Amino acid sequence: MGNLRSSRLVTVVAFALSAWRSRRGNLPLPRLLTVAVLLYAVIQLLSRTGILNGYFMIIINRSLVFVILAVSLNLINGIAGQFSLGHMGFAAVGAYVSGSITTLIFMYTSEQVASIGGNIVFVIAIIVGGLAAAVVGFLIGFPSLRLKGDYLAIVTLGFGEIIRTILNNISVVGGPRGLLGIPKFSNFTNIFVFTFLTIVALRNLVQSSYGRALLSIRENEMAAELAGVNTTRGKVMGFAIGAFFAGVAGGLLAHLLQIAHPTQYGFYASALVLIMVYAGGMGSLTGSIIAAFFLTFLTEALRVGIDQLRDRVGIPVGTEWTMVIYALLLILVMLFRTDGLMGMREAKLLVIDERKK
Amino acid sequence: MKRFASIMVPAVIVGGIFLSCSGGPPVFKLGGVGPVTGEAATFGASTKQGIEMAVAEWNVQGGVLGKQIRLAFADDKGDPAEGATVYTKLIQQDGVSAIVGTVMSKVSLAGAPICQSYKIPMISTASTNPKVTDVGDYIFRACFIDPFQGTVGAAFSYSDLQAKTAAVIFDVGNDYPKGLAEFFRTKFTELGGSVVAFEGHATGTTDFKAQLTKMVRAEPDVIYCSDYYNDVALIARQARELGFKGPMVGGDGWDSPELTKIGGAAVEGTFFTNHYSKDDIRPIVKDFVAKFKAKYNADPDALAALAYDATYIMLNAVKTAGTADGAAIKNALASTDLEVVSGRVKFDANRNPVKSAVIIEIKGGEQVYRTTVYP
Amino acid sequence: MDSVINAQQIVNGLQLGSIYALIALGYTMVYGIVRLINFAHGDFYMVGAFAAYGAFYLFNAYLGSGGVLAFVVLILAMAASAAIAQLANRLAYKPLRYKPRLSSLVTAIGVSMFLEYLFSALPVIGPNPRGFPEIIPKRMFTVGSAEISNYVVIDITVAAVLMVGLTLLIRRTALGKAMRAVSQDKDAARLMGIDVEKIISATFLIGGAFAGAAGLLAGMTYPRIQPYMGILPGIKAFIAAVLGGIGNIPGAVLGAYIMGLAETFATSYNSLLGEGIAFVILILVLLVRPTGLLGEKTADKI
């Protein structure tokens, strides 16, 4: 229904963006955009014709949300060289803030009004959720000024758990029942657009002078400081920006599942995102994108594969073995591709061509 | 190009596996969902056993609609996002006509809108949050909702146990114990009793002494603990160590053979509300307990019984409907009137079961029937 | 104030702290020498608890209940955890030794997940919680206004003995000297003729054995074991180790007792906040003193 209208919207936004970008004349956005639009069109077509059923679409949607989470964590861990173990805490803030906004507004609105103004309110809610997460990220960024590596890891883990505990104890947002009745606004189209914009924004950021400043902090903080990089600002802003996008992802997920629950955002979930960043390659956005897709699909392939083994081949394995295999594969990837699938490299598509400057 | 390849290769592999599922004689496809891995795995294991046993029994008797029943069971890992994925998988990929599951309310709440939109009837086995069935007319449940058990527990404590003061302890990270605890407090206060302590604890903790010390010092006549058996057993032990000698009361989460194994003497003289009693003379109960023991070499817990019942209720509705059509099954479900392990089940207008509760006492390490409470 | 801090709550806090201390000792030792946050340490502890459970039922019939049996169970629990720790070290951590430290950390998360899911999937173990046998009969004593069990005494004694033993091992023996050398500079240690891999193996063996002992004692103190039992205590113990100054043996014990007491008091003040208080304290301490209470300040290398 709304798909046709929203796909038109995508095209308009995309062209506006590319026009703006090409006027600045330094980015191969049209090429990336073309690929994105093509990819979108192909998936949408396959979905419409029923070749990709609802199951595939939900896996794709979840993969896209994981892409946002992974690339934004990569900004903090891979690019800025900090170490966050509480990334899902930011996603929780985004999910709860944006979910509260839409739930509250549409609780008192007729369905008609909702269908007209829904998407605008949704986009605003998602962005406000992201901003709220950014504020939290900004605060959490401060310990990074004094702490490094393992200590920072444990503090961010602690912050993530504190956010979860707080959510468990606020009855307005449901406490341990979770935030319920969130309207279903997320769909493939808007998740795709948000993912695309996130990738473009982070790519531009990483390959700007600011991004190089972040990289220099990772490589050698003292040298960066001596070279005139404002490391304080760099680190804190790295956290804030990464948190913003994690908040956006959280908001999208909440509006996809129609529920936000504290247990979704614990250490375990953060570890899954962390694994994606490492499996893809620290510092490589391309790697994070691939890993997010690959690991999400892998989980499902294992689920189906185990069923097949049992039903067709007759090996008596239960679903409980899927996660054993998943963990084993993860260890193997880390052992045999220690630098991740992509290392530090980026796909050509995501590299800003210096010659065009 | 490399990026495309990396995305498309697994996609194609997965697709290939998916497409290979077809063929064979006609079957009725039933979906089952439960948390088989993750921290709620213990609930999922029982749930899976209950559903599998019920399906096997129906198949021995010729299945349903003249076809054998094929159960497609999926693991939701106790996570809403996984839940949404597996409900969609069961409906879209496996082509099930009805779904039994799941346990955690948060996961049922993510799955219910999907079942509702595809018009696939769903019966949750153990999600007690009242909001679950509010999602739509295709969503049912086999268990009590929060208010009922908390209220029954409070009335029993106040009237039968003559308790005037109560202390409450529950898992703050889990909505089921929290809901029960809150309704207990409301009812107990309403009856004229006073709640002298109302203490939460974190999920997965093993040390409850900080809370219990405070509770025991308030000298309550009764301790109400709405947790699952694994926590209850430790709480009972630690409460006794701290010198509490009075009775303890709880909900159906207590029903597990492990309660007395872990709790030992500490759970003697405690009471809990449940769906049925194992010494119930009804043949259906005796049968269920005996068969479960024979099949899995263990006593069934409440979650297994509820999953078994939910499967029976669903398959019975399919039989009544005489078709695999979702709307027809839904209508048949709504007019259910069936004798199952947990009593005679009918559904009210909100698709919640109307059934009685029993109160069980732990005596000599055994579960003993005490009384029946009608809604 | 008496309702929040009283004799009973102090006993409660000490008991909780002892369990944290037992896990934290192994944690901090491995970290101090290998510089790896071994997230699987909590799972080694779980393995120890299950090994003790199995050993008890295996030997119960032959040895009867009592001291001999308790000793055999303890040895087997320590051996099982040490073996798993060593296996993880050899297969998963060793190949990554000279790669960026954080990739070992991700592998450690993988090992942790693997052990949890494997134990949960194995038919002989499964996800259901089990009651843990009373290997040593539990007795309660009333001291003043507090109820104390003999387990509290056992836990505190074992934690103290192990702490002293470990400190002596590291300060006084040749192995300890080699461990300190490896901890400071692997390459220099190798040049001095120290077999670095052997020392690291020894570290994992000892750390694993400690986790096994902790698993047994925790199983006895809180008699419920299940495959996911290591997650929460693992994280808490790690925080305790950081609080005391990670790598510092007495620091880990100090941090563990502070954590145990703080959690108990916070919970008894308001049980709804008890869960997060450990993290709040941790963050406050680290912001004021990032190297922990007993940690030494390290200068930045240029």
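Conventions we followed
- Residues numbered from 1 in each chain as written.
- Chains lettered and ligands numbered in written order.
- Predicted model: local features only at pLDDT ≥ 70, side-chain atom pairs only at ≥ 80, totals over all residues.
- Heavy atoms only, no water.
- Helix = DSSP H or I, 4+ residues; strand = E, 2+ residues; numbered from the N terminus.
- Contact = heavy atoms within 4.5 Å.
- Areas by Shrake-Rupley, 256 points an atom, 1.4 Å probe, with all protein chains shown as cover.
- Lys, Arg positive; Asp, Glu negative; His and termini not counted.
- Charge placed at Lys NZ, Arg CZ, Asp CG, Glu CD.
- Rg over C-alpha atoms; globule rule 2.2 N^0.38 Å.
- Buried < 20%, exposed > 50% of the residue type's maximum accessible area, 1.4 Å probe, protein only.
- Buried area = accessible area lost by both parts, 1.4 Å probe.
- Salt bridge = Lys/Arg side-chain N within 4 Å of Asp/Glu carboxyl O.
- Polar contact = N/O pair within 3.5 Å; in protein donor to acceptor, adjacent residues only side chain to side chain.
- Nonpolar A, V, L, I, M, F, W, Y, C, P; charged D, E, K, R; others polar.
- Patch = residues over 30% accessible without salt bridge, like charges linked within 9 Å, V, L, I, M, F, W, Y side chains within 5 Å.
- Pairing = 2+ DSSP bridges.
- Axes fitted to C-alpha atoms, helices over the stretch in contact; angles between N-to-C directions.
- pLDDT = per-residue confidence, 0-100.

S.K.: Quick rundown of the overall build of chain C? Include the residues and the values.
M.R.: For chain C, the count of helices and strands is eleven helices and four strands. Its C-alpha atoms give chain C principal-axis dimensions of about 55 × 50 × 35 Å. Of all intrachain contacts in chain C linking residues separated by at least 6 positions in sequence, the fraction that spans at least 24 positions is 74%. A total of about 11,600 Å² of accessible surface is found on chain C, and carbon and sulfur atoms cover 67% of it. Side-chain charges of chain C comprise 21 positive and 14 negative groups, with the mean position of each set lying 9 Å from the other.

S.K.: How would you explain the overall build of chain B if you had to name every residue and give the values?
M.R.: When helices and strands are counted, chain B shows 13 helices and 15 strands. Relative to the compact-globule value of 21 Å for 375 residues, chain B shows a C-alpha radius of gyration of 22 Å, a close match. In chain B, buried positions account for 64% of the 375 residues. Within chain B, contacts between residues at least 6 apart in sequence are counted, and of these 66% link residues at least 24 apart.

S.K.: Any details on unusual backbone geometry? Residues and values, ideally.
M.R.: Between G101 of chain B and the following residue, T102 of chain B, the backbone shows a cis peptide bond with an omega angle of 5°. Structurally, the position occupied by T102 of chain B is in the loop between strand 3 (98-100) and helix 4 (105-118). Residues other than glycine seldom take positive phi values, yet Q258 of chain A does so here, at roughly 65°. At N297 of chain B, a residue that is not glycine, the phi angle is positive and equals roughly 55°. Tracing the sequence through the fold places N297 of chain B in the loop between helix 11 (283-296) and helix 12 (302-321). N297 of chain B sits in the exposed class, given a relative accessible area of 71%.

S.K.: Give a description of the interface of chain C and chain B that names residues and reports values.
M.R.: Every contact between the two is made by 31 residues of chain C and, on the other side, 32 residues of chain B. Buried surface at the junction of chain C and chain B, summed over both partners, amounts to about 2,700 Å²; 55% is from carbon and sulfur atoms. Its largest share of buried area at the contact with chain B, chain C owes to P129, Y222 and R224 of chain C, together 22% of the area lost on that side. Where chain C touches chain B, the interface holds three salt bridges. For E134 of chain C, the salt bridge goes to R237 of chain B, with nearest N and O atoms at 3.1 Å. Along the contact surface separating chain C from chain B lie twelve residue pairs in polar contact (both at pLDDT 80 or more). Elements with a minimum of two residues in the side of chain C that touches chain B: helix 1 (7-34), helix 4 (101-121), strand 1 (130-131), helix 9 (231-244) and helix 10 (249-269) of chain C. The residue makeup of the side of chain C that touches chain B, split by class, is twelve nonpolar, 13 polar and six charged.

S.K.: So what's going on with a positive patch on the surface? Which residues, and what values?
M.R.: Residues and elements named next belong to chain C. Where like charges cluster on the molecular surface, the positive patch consists of R171, R172, K177 and R180. Elements supplying a minimum of two residues to the positive patch: helix 5 (150-172) and helix 6 (174-184). Along the chain, R171 turns up in helix 5. Relative accessible area serves as the criterion here: at 57%, R171 is assigned to the exposed category.

S.K.: So what about the sheet that holds strand 9 (residues 248-250) of chain B? Which residues, and what values?
M.R.: All names here are of chain B. Taken in spatial order, the seven strands line up as 7-6-8-9-10-14-15 in an open sheet, and their pairing is mixed. One side of each edge strand has no neighbouring strand; the edge strands of this open sheet are strand 7 (194-201) and strand 15 (366-373). In this sheet, adjacent strand axes meet at a mean angle of 20° when their direction is disregarded. Bridge count for strand 14 (residues 357-363) against strand 15 is seven bridges, and the pairing is antiparallel. Paired with K363 across the strands is E366, a residue of strand 15.

S.K.: Just give me the short version of the confidence of the model for chain B, but keep the residues and values in it.
M.R.: Averaged over every residue, the pLDDT of chain B is 89; residues scoring 70 or more account for 94%. Low pLDDT, under 50, characterises residues 16-22 of chain B; the stretch is placed with eleven contacts to residues that sit more than four places away or in other chains.

S.K.: Now, about the interface of chain A and chain B: what can you tell me, with residues and values included?
M.R.: With 38 residues of chain A at the contact, the number on the chain B side is 46 residues. Here chain A meets chain B over a buried area of about 3,900 Å², counting both sides, of which 65% is carbon and sulfur. Inspection of the region where chain A meets chain B yields four salt bridges. Between D307 of chain A and K89 of chain B there is a salt bridge whose closest N-O contact spans 3.6 Å. Taken together, the connections running from chain A to chain B amount to eight residue pairs in polar contact (both at pLDDT 80 or more). For the side of chain A that touches chain B, the elements supplying multiple residues, two or more each, are helix 2 (29-48), helix 3 (54-79) and helix 13 (285-313) of chain A. In terms of residue count, the dominant contributor to the side of chain A that touches chain B is helix 13 of chain A (14 residues). Classifying every residue of the side of chain A that touches chain B by side-chain character gives 19 nonpolar, eleven polar and eight charged.

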